[in-house]
Amino acid sequence: MNQLEVVDLSVRLGERTLLDRVTLRVAPGEFVALIGPNGAGKTTLLKAALGLRRPTSGSVRVAGESVEGLDSRARAARIAWLPQHIRAEEPISSLESVAAARYRFSESHADSRRAAERALARVGATQYAERRVTDLSGGERQRVAFACLVAQESDILLFDEPANHLDPAQQLDVYRLLGELWREERSVLCINHDVNLLHQVGDAARVRVVGLRAGRLEFDARFDAPALPEHIGNLFGVEMESVQGSDQRFIMPRSRRSP
Amino acid sequence: MRWRASLIVVGCVVFLLAAVLVGPQLEGAQGQFIVWQLRVPRVLVGMLVGATLALVGAVFQALFQNPLATSDTVGTTAGATVGALFALALDSSRTVQGLPLVTVCAFAGALAGSLLVASFASSRTAHSSDVLLAGIAVTLATSALASGIQYIADSRALFAATQWSLGQLPQVGYRGVLLLAPLCALSCALLLLLTRSLQAFALGEELAHSQGVNVPRLRLFALALGSLGVASCVAWCGPIAFVGLVVPHLVRRLLGGSYRVLLPMSLCVGAALLVTCDAFARLIVPGRELPVGIVTAALGAPTLVFLVARGRR
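A. Just the interface of chain B and chain A, in detail. Counting from both sides, the interface comprises 21 residues of chain B and, opposite them, 28 residues of chain A. Those elements that provide at least two residues to the side of chain B that touches chain A are helix 8 (195–200) and helix 9 (205–210) of chain B.

B. Seen up close, helix 11 (residues 243–255) of chain B. Residues and elements named next belong to chain B. Helix length check: helix 11, at 13 residues, gives a terminal C-alpha distance of 18 Å against a target of 18 Å (1.5 Å per residue), a fit within 8%. Of all 13 residues in helix 11, 10 are buried; the element is thus mostly enclosed. Inspection of helix 11 places Val243, Gly244, Leu245, Val246, Val247, Pro248, His249, Leu250, Val251 and Arg252 among the buried residues, and these make up the whole buried set. Count one or two residues on from helix 11 and you reach Gly256, which has phi positive near 85°.

C. View of the packing of helix 2 (residues 28–63) of chain B against helix 10 (residues 215–237) of chain B. Residue and element names in this part refer to chain B. Close contact between helix 2 and helix 10 brings their axes to 10 Å; oriented N to C, the two are set at 150°. In this view, helix 2 runs roughly antiparallel relative to helix 10, as classed from their interaxial angle. Remark: the crossing between helix 2 and helix 10 carries left-handed chirality. Within the contact between the two elements, helix 2 uses Val49, Thr52, Leu53, Val56, Val59, Phe60 and Leu63 and helix 10 uses Arg219, Ala222, Gly226, Gly229, Val230, Cys233 and Cys237. Of the residues contributing to the contact of helix 2 with helix 10, the split by class is 10 nonpolar, 3 polar and 1 charged.

D. Up close: the sheet that holds strand 4 (residues 57–62) of chain A. Residues and elements named next belong to chain A. Strands sit in the order 2-1-4-5 across an open sheet of 4 strands; the sheet is antiparallel. Whereas interior strands pair on both sides, the edge strands pair on one side only; in this sheet they are strand 2 (16–26) and strand 5 (65–66). Where strand 1 (residues 4–13) lies against strand 2, 7 bridges are found, and the strand directions are antiparallel. Paired with Val6 across the bridge in strand 2 is Leu24. Sheet contacts for helix 1 (residues 42–49): strand 1, strand 2 and strand 4; angle to strand 1, the most-contacted strand, approximately 120°.

E. Just the domain arrangement of chain A, in detail. Residues and elements named next belong to chain A. In terms of domain boundaries, chain A breaks down into domain 1 (4–63 + 155–256) and domain 2 (88–154). Each side of the interface is counted separately: domain 1 has 8 residues, and domain 2 has 7 residues. Listing elements by their share of the side of domain 1 that touches domain 2, those giving two or more residues are strand 7 (156–160) and helix 6 (168–183). The dominant element in the side of domain 1 that touches domain 2, judged by the number of residues it contributes, is helix 6, at 3 residues. Along the lines of polarity and charge, the residues of the side of domain 1 that touches domain 2 split into 4 nonpolar, 2 polar and 2 charged.

F. Expanded view of the pairing of strand 8 (residues 187–191) of chain A. Residues and elements named next belong to chain A. Counting buried residues in strand 8 gives 5 out of 5 residues, a clear majority hidden from the surface. Burial of strand 8 is two-sided: the residues Ser187, Leu189 and Ile191 facing one way and the residues Val188 and Cys190 facing the other way are all buried. As judged from the 4 bridges shared by strand 3 (residues 31–35) and strand 8, these two strands associate in the parallel manner. Looking at strand 8, one finds that Phe31 is bridged to Val188. Note that strand 7 and strand 8 share 5 bridges and pair parallel. Counted as the bridge partner of Leu158 is Leu189 from strand 8. A crossover connection joins strand 7 to the parallel strand 8 through helix 6; in handedness this β-α-β unit is right-handed.

G. Quick peek at the confidence of the model for chain B. Residue and element names in this part refer to chain B. On average, residues of chain B score 86 in pLDDT, and 97% of them reach the 70 mark or higher. Ranking the elements of chain B by mean pLDDT puts strand 1 (residues 95–96) last, at 76, and helix 9 first, at 93. Complex prediction metrics read pTM 0.91 and ipTM 0.93.

H. Expanded view of the sheet that holds strand 3 of chain A. Residue and element names in this part refer to chain A. Strands sit in the order 6-7-8-3-9-10 across an open sheet of 6 strands; the sheet is mixed. Each end of this open sheet is capped by a strand with a single partner; those strands are strand 6 (79–82) and strand 10 (216–222). Taken pair by pair, the neighbouring strands of this sheet meet at an average axis angle of 20°, ignoring direction. This element, helix 1, spans strand 3, strand 6, strand 7, strand 8 and strand 9 (208–213) of the sheet and lies at about 150° to strand 7.

The rules behind the values
Residues numbered from 1 in each chain as written. Chains lettered and ligands numbered in written order. Predicted model: local features only at pLDDT ≥ 70, side-chain atom pairs only at ≥ 80, totals over all residues. Contact = placed C-beta atoms within 7 Å. Helix = DSSP H or I, 4+ residues; strand = E, 2+ residues; numbered from the N terminus. Expected span 1.5 Å × (residues − 1). Buried ≥ 20, exposed ≤ 12 C-beta atoms within 10 Å, placed from the backbone. Axes fitted to C-alpha atoms, helices over the stretch in contact; angles between N-to-C directions. Parallel < 35°, antiparallel > 145°, perpendicular 65-115°, else oblique. Left-handed = near helix turned anticlockwise from the far one by under 90°. Nonpolar A, V, L, I, M, F, W, Y, C, P; charged D, E, K, R; others polar. Pairing = 2+ DSSP bridges. Domains from an automatic or database assignment. Right-handed = clockwise from strand over helix to strand, strands pointing away. pLDDT = per-residue confidence, 0-100.

See below:
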């Protein structure tokens, strides 16, 4: 059975088509990286998978059941996400906000807090457990949201550009952690802007890379496929170059294609 | 943090007791009567109203992720005003089942106003900001209706309407307390049960959805429960400004934003604040009582500015 199954999904907003008959399956234990230019519909796809955006047509099924028909807590047990932007208006402590991510569990507040402490330790954010989320920097807040995702303990994890606004060291950390979570028999669907970071998840050859442009799926290839640089080049309209490093292949943009 | 919270609770109790005792020295049978039949029930009404307004304010701010949201912004107060005006224009002395017609109509109006907004809020696709906009639209529409009623009403009704709109704690005796208490208690108790889902709202509505909160249902519950409590308060007291807005911000600054602290403490501080303001209103002009709404507005506005200015630093 497919863990996440998006079939013929279209999302239209007035005249604009955000997604155009997209079909994508993420099998149990699979890692799919979703790439594409800005405005391609990547975030819309994640939101539709979460039931946050209602499809104009087509269906989203999570572990065999329609995401719209699932009870909220049951859905949260199966699928979770790390949004790109995290709002923080309320001066609540990091620990309390991670404890709140345990909403789907029927447990005492003390248990939630213990789980939150473990999650914060796992993402390396123990030092700001007691600080208020409103006082954190963008990168720190991102890490707290990552701890929320860990604390939620869902089977399918969606990430919306998890390395956004992070420094290089943090980017590597985030992708390494993503790989760890993946190897705990979870499925991952991750929006990504720099495919080279996928080396960090370990066993990158098993990663699938899917390209989305203007609401349509353009390609679906394995990370180690020889044609991947060509696919990515076509997707963004640039010439890509492969550079062989000591043990891995890097894919770099070289020049813009003339229109 | 814990000792600070305890200190605030003790402070609230002291203020509540003081509010019963302040005033002209009273002795003998008449003094007994004034304290036990007039002041104590009035303090009790003040506690119920202050606690409800402050808690509902805190809940609405959390729900709409907007520091300015209160029961005034979701159509409750505006609906009550239209209801009260309608009753005053009709006949201010009439009663229904022993209750003043003004109170009954204000209650009905408040519920009608909130119901309009709540029906919108329960839609799956509506965002919190849309709900807030719907609340403002309802408020504007009802104030147009209120102006219409004022235009055709006579001057006596207009004077009564102005009096009502200032907001004051009425002398309703223990019967009023008994009518108000169950509705306020029900509303507050059930709202406190929503603490966990509101906490998940702190990092945004969409994240809360993905964490398993049924957002439309939570919004509907909180709006309905909050409006029920506020409608019963406004029906008796008229709109009392700033309590629902300032108290949660005050508590947030003093104790931080965990809703497990913010909600119950808003309840306590709201009760103490309104009762203290009312005692102040009894004393400030010798021989006359000011409507407490004037005092809360006069104290609330600068407090809010002060809190915001301090928070920015």
